[in-house]
Amino acid sequence: MSNLFYRVSATLTLHSWQSTPFRVERFLSLLLLLLVTSACATAPRTAPQISDPIAPVNRALFAFNDGIYRYGFEPVARGWDWIAPAPVQTSLQNSFQNLATPGSAINNLLQGKLKNSGTEIARFGVNTTIGVAGLFDPAARFGLAPHSEDFDQTLAVWGVGTGPYLMLPLLGPSSPRHTFALCIDSFLSIWPPVAGTRIAAGVRSADFLNDISLSWEDVRSARESSLDYYVFVRDAWTQNRNTKILDGAAPAAPSGDVKGEDLYDDSQFQ
Amino acid sequence: MMTRNSNKEPRIHSTFSMRIDFPPTENTIPALQKCPRNEMDSGFLKLLFAAGLFFFVAFLPVHVFAANNPGARETVQTIVDETVSILKSKLPLHEKRSKISAIADSRFDFDTMGRLTLAKNWSRFSTSEQADFLRSFRTFLGDAYGTKFDQYQDETVQVLGERSETRGDITVQTTLLRNGGEKIAIDYRLRTHEANWRIIDVTIEGVSLVSSYRSQFQEILENGTPQELLRQIRDKNAQEKP
């Protein structure tokens, strides 16, 4: 749902390709570095003109999703928010995020971020054991900050274009690349093979509702502070994805199909 | 509240504390001490001194300027400190709101923000419509974001660093630490306005406020008139506030 982009995982990664001995890793890192620096070089940051050719269909699906969210998920999640103390909600979120860490480690590896991959594995080890099944995050106190990556980010680093904006039923904002990556990521995540499909689905639903219980106020104020909520979500989701792909290192770069219009140039309309 | 006080004085201190002997002697310029006196004619020394004096004078105004006008980073730090101290005070809610609103008016460049959100549509607005838009947009932002401060729960803000941008702008990067330990990246883009740094955009987790409203206004103006956009903003402003 729209709240997914509110799941904030600050992943400011400093990429140090010089210090790595492996050639493949170095090559991949160099590729990434080029990607980042070329984004830097082309910044002035441009206004994202997001490709949305099936906007009417997307809008209809968005209205459907938003209806289910407002009259189904949100009331249930608010009930949970009312019952559960804040530390319980946070611990649950930690635990669900911990389950996603091995997948993130694999994606770090696929992007040539060896060091971050190691950090994610170490985080998983520490938080699963000392952190009691990931309920707590002692790893952060040992200086192991999360470097969360997903397969959509991996594909972006490999140079795969994102394609037009898509609104998926129930799953929310997406793109062809993102949809494909969601499938891969669900294979990368550990629980269906270990726990079986039913338990995995249950865990995911609980994770989903717990997330909404932590973010429904933000979603509400986002809705209130926008004139066209559909456009707001489309724009915000795209910008947020781009920032994550670039690890926050460069200004959010426009998607591939953007005309060079400087967002901050007001010389034409003083 | 984590504060990182930037040390403004030490940067210029070394320049000012330099003792100037006139005329220069071997003591003043260590490199000259090894040279036999007869090889150094006074003309060369004078030239050297003149060059030194030139650089001193040339850079003097810059230092004085820097000392009087806080940089972008200092500006953001000041805003954060002022706002947090108001939020932590025991003032009634409406007084907190009006004080924060006053800070926003002095530190944000709402006119530039408004123009940037309209972008190429700006010229479609008549002069009175433009003024009307800037006024309503300011009210709109105040209503939308001013009320968020009511939910303040001892969050802390850390100023991390800054980055130079096009047009002489500077982006100051900060992190908001929420109670649950959640970190939110908030970037402020600043531009100089009459020698003062003022905020022209706020980017939260990569989502820029200017870009976000630009897209929404563009969508409305694609098929609608400026009056239609103004009406929608006015309607939003007239809605009941929490």
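Values in this document were obtained by computation on a predicted structure and should not be read as measured data.

Asks: Please clarify how the overall build of chain A should be interpreted in this entry.
Replies: For chain A, the count of helices and strands is 10 helices and two strands. Within the span of chain A, comprising 270 residues, buried residues form 48% of the whole. The contacts of chain A with a sequence gap of at least 6 include a subset with a gap of at least 24, amounting to 73%. When the accessible surface of chain A is split by element, carbon and sulfur atoms take 69% of a total near 12900 Å².

Asks: Whenever I open this one, the interface of chain B and chain A confuses me. Can you help?
Replies: Note on interface size: it is often stated as the accessible area lost on association of the parts. Opposite the 43 residues of chain B that make contact, chain A presents 40 residues. Between chain B and chain A the total buried area reaches about 3400 Å² when both faces are included, carbon and sulfur atoms providing 52% of it. Of all residues in chain B, the largest losses of buried area upon contact with chain A belong to Glu205, Arg214 and Gln216 of chain B, amounting jointly to 16% of the total for that side. Connecting chain B to chain A are four salt bridges. Counting every contact that joins chain B to chain A gives 16 residue pairs in polar contact (both at pLDDT 80 or more). At the level of elements, helix H5 (110-118), helix H6 (127-146), strand S1 (156-164), strand S3 (183-193), strand S4 (196-204), strand S5 (207-208), helix H7 (209-223) and helix H8 (226-238) of chain B are the ones that each hand at least two residues to the side of chain B that touches chain A. Per-element accounting of the side of chain B that touches chain A gives the leading share, 10 residues, to H7 of chain B. Looking at the side of chain B that touches chain A residue by residue, the classes come out as 16 nonpolar, 11 polar and 16 charged.

Asks: What should I look at first to understand the nonpolar core in this one?
Replies: The nonpolar side chains of a soluble globular protein tend to be buried, and buried together. Phe133, Phe217 and Leu229 of chain B are the most contacted members of the largest nonpolar core, which has 48 residues in total. It is helix H3 (residues 72-88) of chain B that provides the largest number of residues to this core, a total of seven residues. Setting aside chain neighbours within four positions, we find Phe217 of chain B in contact with Leu227 of chain A together with Thr117, Leu118, Phe133, Phe137, Leu229 and Ile233 of chain B. If you look at the next biggest cluster of nonpolar residues, it comprises 19 residues, including Ile50, Ala77, Tyr165 and Ala222 of chain A.

Asks: Would you mind going over the side chain of Ser221 of chain A with me for this structure?
Replies: All names here are of chain A. Relative to the helices and strands, Ser221 is located in helix H9 (residues 197-224). A residue is classified by how much of its surface remains accessible, and Ser221, at 18% relative accessible area, is buried. In terms of polar contacts, Ser221 uses its side chain to reach the backbone carbonyl oxygen of Asp218, at 3.1 Å.

Asks: Hey, could you run me through the packing of aromatic side chains in this one?
Replies: The description of an aromatic ring pair rests on the distance of the ring centres and on the angle between the ring planes. On inspection of all chains with the given rule, the structure shows 17 aromatic pairs over all chains. Ring centres of Phe73 of chain A and Phe208 of chain A lie 5.0 Å apart, and the angle between their planes is 90°; on these two criteria the pair is classed as edge-to-face. With Phe73 of chain A in helix H2 (residues 55-83) and Phe208 of chain A in helix H9, this residue pair connects regions lying 135 residues apart in the sequence. Among the aromatic residues, those joined into a cluster by ring pairs are Phe62, Tyr165, Tyr229, Tyr230, Phe232 and Trp237 of chain A. Taking NZ or CZ as reference, Arg78 of chain A lies 4.1 Å from the ring centre of Trp216 of chain A, over its face. The ring of Tyr264 of chain A has Arg189 of chain B sitting right over it, with the charged end atom 3.7 Å from the ring centre.

Asks: What's the story with the pattern of salt bridges in this structure? I'm lost.
Replies: Oppositely charged side chains are able to pair whenever their charged atoms sit close together. Using the criterion set out here, one finds 26 salt bridges over all chains in the structure. For Glu219 of chain B, the salt bridge goes to Arg234 of chain A, with nearest N and O atoms at 3.7 Å. Here Glu219 of chain B, found in helix H7, pairs with Arg234 of chain A, found in helix H10 (residues 229-245), and the two come from separate chains. In this structure, Arg167 of chain B and Asp265 of chain A form a salt bridge, with 3.3 Å as the shortest nitrogen-oxygen distance. In this pair, Arg167 of chain B sits in the loop between S1 and strand S2 (170-177) while Asp265 of chain A sits in the segment after H10, so the two residues belong to two different chains.

Conventions used here
Residues numbered from 1 in each chain as written. Chains lettered and ligands numbered in written order. Predicted model: local features only at pLDDT ≥ 70, side-chain atom pairs only at ≥ 80, totals over all residues. Heavy atoms only, no water. Helix = DSSP H or I, 4+ residues; strand = E, 2+ residues; numbered from the N terminus. Buried < 20%, exposed > 50% of the residue type's maximum accessible area, 1.4 Å probe, protein only. Contact = heavy atoms within 4.5 Å. Areas by Shrake-Rupley, 256 points an atom, 1.4 Å probe, with all protein chains shown as cover. Buried area = accessible area lost by both parts, 1.4 Å probe. Salt bridge = Lys/Arg side-chain N within 4 Å of Asp/Glu carboxyl O. Polar contact = N/O pair within 3.5 Å; in protein donor to acceptor, adjacent residues only side chain to side chain. Nonpolar A, V, L, I, M, F, W, Y, C, P; charged D, E, K, R; others polar. Core = buried A, V, L, I, M, F, W, Y, C linked by side-chain atoms within 4.5 Å. Phe/Tyr/Trp six-rings, centres within 6.5 Å; stacked < 30°, edge-to-face > 60°. Lys NZ or Arg CZ within 6 Å of the ring centre and 35° of its normal.

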